[in-house]
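What follows is the residue order along each chain.
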Amino acid sequence: MLSFFVRVSHLNSYSNQIGAAISLLAQLAVQPVIWTGNSEFQERGLVRALAMINAIEVMNKSPLLTEVNITLGYWILDSCSDVSTALRATADFTQQTDCHKGSDSSTCGQPVMAVIGASNSETSIAIARQLTLKMIPQISYSSTADILSDKNRFPAFMRTIPNDEHQTAAMVSLLSTYGWNWVGIVTTDGSYGRSALDHFVSKASEKGICVAFKSILPESVTSQDVHSVITQTAKTIQDNPKVQVIVSFAKPTHMMYLYQEIKNQMLTVGQNIGSMRRVWVASDSWSSSGSVKGNLTLEDIGHVVGFTFRRGSVSSFLKYLSMLEAAGHEYTVNNSFMQDFYMQLNKNTGSGETELMSEAVNTLRENIQAGTVFSVEMAVSAIAQAVASVCRRRDCKKAGTMQPWEVLRTLWMQEFKLREEIYKFDSRGDLNLGYDVTMWRSVRGNIHVHDVVAEYHPQDNNFHIISKCSNSCVAGEFKKTAEGQHTCCYECINCTENYYSNSTDMDQCLSCDTNTEWSPKGSSSCIPKVLLFFSWQDGFAVVLLTFSAVGILLALLVSALFLHQRDTPVVKAAGGPLSQAMLFSLVISFISAILFVGRPNSFQCKARQVLFGISFTLCVSCILVKTLQIQLAFQFDPRLQEILRRLYQPYAIVAVCVALQAATCICWLVLESPFKHIIRNPTTLLEDCHEGSYLAFGVMLGYIAVLAFVCFVCAFKGRKLPQQYNEAKFITFSMLLYLISWLLFVPVYVTTSGVYLPAVEMVVILISNYGILSCHFFPKCYIILFKKDQNTKSAFRKNLYEYSSKTTDSPSDLKQQKSIQRLPSSLVVFDKHGLTH
C-alpha cells in the first residue's frame, strides 16, 4: 500500500508548567527524534499525546483511509503552556507548508493540513491568528474561550467541546439549584479568564446571584507579582466567611499555590485549618486535576464540584495502553515521550523493566481525562474523514495537491462519524455535547473524581452549605436593600397589614384584595374576611324569630276567635271588621320583622321596610278610627255629633291614611330604593341593607308616628268613658309604648353599626306589635273566653247607666252626662262599625 503522509500537527502541554521550558519537536515513527530541554513530564499532557497517536493509528488502519491510499502522519509539538513557544512552533510547521509553493519542493517535508490543539485558550487564540492567514484548520479539544466562536476573527478555528458560555450557564444553574447566591470568583488575566468572568457575572445577575469579590490572577505563574496577588486573594477569601462557595476558572498550578497560601495564613493567625473549607466550583481547566491539593487533604479544602467535558467511550485508548504495557520497550523504541517517562519513573522508583512498564501504564491510566481523550479522538476522526472526502475526488498521492483550506471547507460542510454516532460542527465551529458535573472524593488520601454530584442535596448532612450574604427572608417578610449594597445583602422587614409574602427572599410584599381579604403584620398569606350578617343560626335571631312566629300564631288565633264571635258586643265594640284588618296588618308586620334575619338580598332589603310601613300604617289607621268612634259617641257636643257622624267614614279614613303611606313607599322604591350593602371592615365583611334614602325612611316612620300621636291624644281625652265601651286606656298605653320605643330606636340606629343593627329595628317592631296585640285584643279575648256574662247587650246597657249615675257635678262631667242622657236606653245598640248610639 502506497503511504501518503498528511501531517496533523498536535500542540500539547505535557511538561511541568513550573519547570524549565521544554522545546519538543518530534515526528514519532516517521523521522528521528529531536530533543531539547529537560525531561520532566506532566502525565496528563502525555496522555493527550498518546490519545492522538492511538486515534491516528486507528484511522490509518480503517477502511476510510485505506480505500483512498492515505496515511495520516503527525508532528507533536510542546507549547510548554507558553504562548511564545507555541507561536515559534507554529511558524516552524507553517514554513513547511510555504515550501511546497516554490519551484523546487523536493526538499520539503510533508505539508501540515490541520492542527489539533492547543489545550489553553490563550495559546489557541494566539496560534489561531497565524493559522487563519493560511486557512489551516485548527481543532481544539479543551480551549473554551467564547471569543474563539467569533468566525469573523477566527474562521479556521473549531473545537470538539462547547464554549464557556455553556459552562458558565451550567455553573450558574448549579448555584441557583442549591441556593448559593453569595459567591467569589477566582480567574486568570487572559482571554479565557476574562471572557469566563464576564459571562458568569452576566448570567449570575439574571439569577439573582451576587459576586462578593473577583480575584484575577496573573496568566503566568512566573509573573513577578503572582505571589502578591495570590496572597491578597487568600486574604480576601478569609475576610469573607459568608462566602462559602468560590467559582474558579484558574489553572491547576494557580489553585495549588492558592490552597497552600490559604493554609499558611490560617496557621499564621492560629486559626483551625478547617476554617478554609469551602465549596469550590471548578471549571474544566482544573476540575480533574486532583494534584492541586498539594500536601493538603480534601477534608482541608472542602468540597470540589467540577465541570468536565461530556465523556465518551475510551475503550480504544485503554486497549492501546494495555498493548503498550504488554509490548514493553519494543513498542516504544521510537516513542521518545514514553522513553523519557520511563527514565523519570526509574529515577524515582528504581524498579525493574517489567515493573517499570506496569507502573508507567498504571500512572497513565490514573491520569486519563475521559472527556478530553474523547475530544481528541473526535478531532482526529473529523480531520481524517475530511481528508478522505477530499481525496475521493482527486489523486492526493503527490504532495501539494491538497490544500489546507479544502480540508477546512469540508470540515464545515460535512458531518463526521465516531463509534456509530454522527457529529457536525455548528455555525460557530463548536460541538456542544454538554458537561459532566463531578464531585471530588478522597480514597485513601488520593483524589478520585466521580459523577456523583446528583447524589448530593442541600439537605444532606455532608453537603449542607449556606453561602449567602444575608439569611433568607422567610414568608411574611421582604428584602430591603440599602443603597449601594449588593442586592444579595439586605435586611428582612415584616410585611405591613394587608400585605403578604408567600415565599422566601421576596423583593416586595404582595397586596391582598382588601375587598375580600386581609392579613396582619408579617403574614405569609391573605386571610379571607369573615362574612357577617344577622344569621338564622344566631342565638338572638332564634329568640326574635320565635317571638315573631308566636306573634303570627296569636294574631291568627285572635282573628279566628273574633270571626267566630263577630256578632257579640265585645267584638263589635272592638271595631268589628276593622279588628280583622288590624289583625291582618299585625300578621304582615310580624312577617316583615322576619325579613330582618338572614343574608340580605335586594328583594329582602326593599320588602322589609315597605311591608312594615304599610302594614303598621293600616293598623294605626284602624286604631285612629276607633278613637274617633269613641269621641263621636261620648265626647262631643250633641249639635256637632250629627254633623260629625255624617262626615265620619271609617273605611275612607283608613284608605286615605294607608294610601298616603303607600305613595311615600312607592316614591322611595322608585327614586332611591334600599339595596344590599357590604360594609368592608378591616377583618370582616358586614352584609346589610342600606336604606337608600334615609329621608324617605324617616318620612315613613314619622308618618306612622304622627298617626300614633293623634291616636294617643284622642285616646287620652276619652280615658274616663265607660269601661265596656272605652278602649282609650289601652290605646293610650299601646301608642305611648310605640312612641317611646321608636324614639329610642332613632338614636340607637343612627349611632350603631354591626351585625345586630337589624335586630334593633326587629325588636322595636316586635314591641310595637305585641303592644297593640296585648292592649287591644287580649283583654277582649279574656272577656269572650272567661267573662261571657259581660259579653251581652244587657250588660253593656247596665254599665252605661252605672257610669252615668257615678259622674260628678263638674262642668265637663255634666256635659258628658247630658250627652249620654239624650241617648234613649232603647237606642243603645252597636252598628256594624261598633259605633254606640
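The present account deals with the structure reproduced in this document. (Residues numbered from 1 in each chain as written. Predicted model: local features only at pLDDT ≥ 70, side-chain atom pairs only at ≥ 80, totals over all residues. Heavy atoms only, no water.)

**Quick word on the sheet that holds strand β22 (residues 530-532)**
Remark on secondary structure: sheet strands pair via backbone hydrogen bonds, oriented parallel or antiparallel. Our working definition: At least two DSSP bridges between two strands are needed for those strands to be called paired. In this text, helices come from DSSP runs of H or I with a minimum length of four residues, and strands from runs of E with a minimum of two, each type numbered from the N-terminal end. To define axes, lines are fitted to C-alpha atoms, for helices over the stretch in contact only, and angles between the resulting N-to-C directions are given on a 0 to 180 degree scale.
Here we have three strands laid out as an open sheet, ordered β22-β24-β23, and mixed in their pairing. In this open sheet, the two strands that pair with only one neighbour each are β22 and β23 (675-680). Across the sheet, the axes of successive neighbouring strands diverge by a mean angle of 25°, strand direction being ignored. Examined bridge by bridge, β22 and strand β24 (residues 684-690) share three bridges and lie parallel to one another. Following the sheet pairing, L531 is matched in β24 by L685.

**Some remarks on the environment of A170**
Here is the rule: Relative accessibility decides the category of a residue: with a 1.4 Å probe and only protein chains considered, values under 20% of the type maximum give buried, values over 50% give exposed, and everything between is partly exposed.
Structurally, A170 is set in helix α5 (residues 164-177). Judged by its relative accessible area of 25%, A170 falls in the partly exposed class.

**Quick look at the pattern of salt bridges**
Short version of the rule: Each salt bridge in this description consists of a side-chain nitrogen of Lys or Arg and a carboxyl oxygen of Asp or Glu lying within 4 Å of one another.
This model, assessed by the stated rule, comprises 15 salt bridges. Ionic pairing is found between R277 and E299, a salt bridge with its closest N-O pair at 3.6 Å. Taken as a pair, R277 in the loop between α8 (252-268) and β10 (278-282) and E299 in helix α9 (residues 298-301) lie far apart in primary sequence, 22 residues in all. Assessed through its relative accessible area of 56%, E299 is described here as exposed. Between E687 and R599 there is a salt bridge; the shortest N-O distance is 2.8 Å. In this pair, E687 sits in strand β24 while R599 sits in the loop between α17 (577-594) and α18 (602-634), placing the two residues 88 residues apart along the sequence. A residue is classified by how much of its surface remains accessible, and E687, at 5% relative accessible area, is buried. Judged by its relative accessible area of 44%, R599 is partly exposed. Overlapping salt bridges, with partners in common, bring together R599, K676 and E687 in one network.

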